[in-house]
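The lines below spell out each chain.
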Amino acid sequence: MGTVLIADDEKNIREGLTCIMDWDAYGFQVCGEAANGEEALHMIMEMQPSIVLLDLHMPKIHGIEVIRMAREQGYEGRFIILSGYSDFSYAQSAIRYVVTNYLTKPIDEDELQKTVGQIREDLEKETAKRGSLRRIQTKAKDAVLEELLAGVEDKETGEISEEDLTAICLK
């Protein structure tokens, strides 16, 4: 199950976002709430949530800065910006830092559900792709190892010397 962090300086909005959706039905659970940008950044890096719902105008660290710093520190999860402003410069920054969606307040429940549903689908595809890649890597590794072992066996006895086996394993 994926996780969601809700970061907004208004408690009633955090509580509303927790209740507005049936997170379980989308395969997510709310793992925490942050009331300012500093808390949000700390929780993002510590919890690595699948999704962060993030207000832009927050105390201590502005939302765009939270996104920038989290990305610089390796966070790869999804951001959904929540803002009372439809400022184009914020939208440009959001694009630069790979934000999934930019929703203006008051939040359109249908738009939030649609965005979360799309994120779920994307995450499922990525998980399946990683699984396929791992299977391919394992098969390739096994095939290479088999060829290496076949190439070092003693032609007369059909055995692999301990030295050859050690050399192969150390590579």
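For the structure itself, consult the block above.
Residues numbered from 1 in each chain as written. Predicted model: local features only at pLDDT ≥ 70, side-chain atom pairs only at ≥ 80, totals over all residues. Heavy atoms only, no water.

Engineer: Tell me about the pattern of salt bridges, and please be specific about residues and values.
Structural biologist: Counted by the stated rule, this structure contains 5 salt bridges. For Glu33, the salt bridge identified is with Arg14, shortest N-O distance 3.3 Å. Taken together, the residues span a long stretch of sequence, with Glu33 in strand E2 (residues 28–34) and Arg14 in helix H1 (residues 11–20) at a distance of 19 residues. You can call Glu33 partly exposed: its relative accessible area is 32%. (Salt bridge = Lys/Arg side-chain N within 4 Å of Asp/Glu carboxyl O. Helix = DSSP H or I, 4+ residues; strand = E, 2+ residues; numbered from the N terminus. Buried < 20%, exposed > 50% of the residue type's maximum accessible area, 1.4 Å probe, protein only.)

Engineer: Describe the sheet that holds strand E4 (residues 78–83), and please don't skip the residues or the numbers.
Structural biologist: In space, the 5 strands of this open sheet follow the order E2-E1-E3-E4-E5, with parallel pairing throughout. What marks the edges here is a single partner per strand, and that holds for E2 and strand E5 (101–104). Averaged over all pairs of adjacent strands, the angle between their axes in this sheet comes to 20°, without regard to strand direction. Sheet topology note: the strand E1 (residues 2–7)/strand E3 (residues 51–55) ladder contains 4 bridges and is parallel. Within E3, the position partnered with Leu5 by the bridge is Val52. Along the sheet, helix H2 (residues 37–47) makes contact with E1, E2, E3 and E4, crossing E2 at roughly 140°. Along the sheet, helix H3 (residues 63–72) makes contact with E3 and E4, crossing E4 at roughly 170°. (Pairing = 2+ DSSP bridges. Axes fitted to C-alpha atoms, helices over the stretch in contact; angles between N-to-C directions. Contact = heavy atoms within 4.5 Å.)

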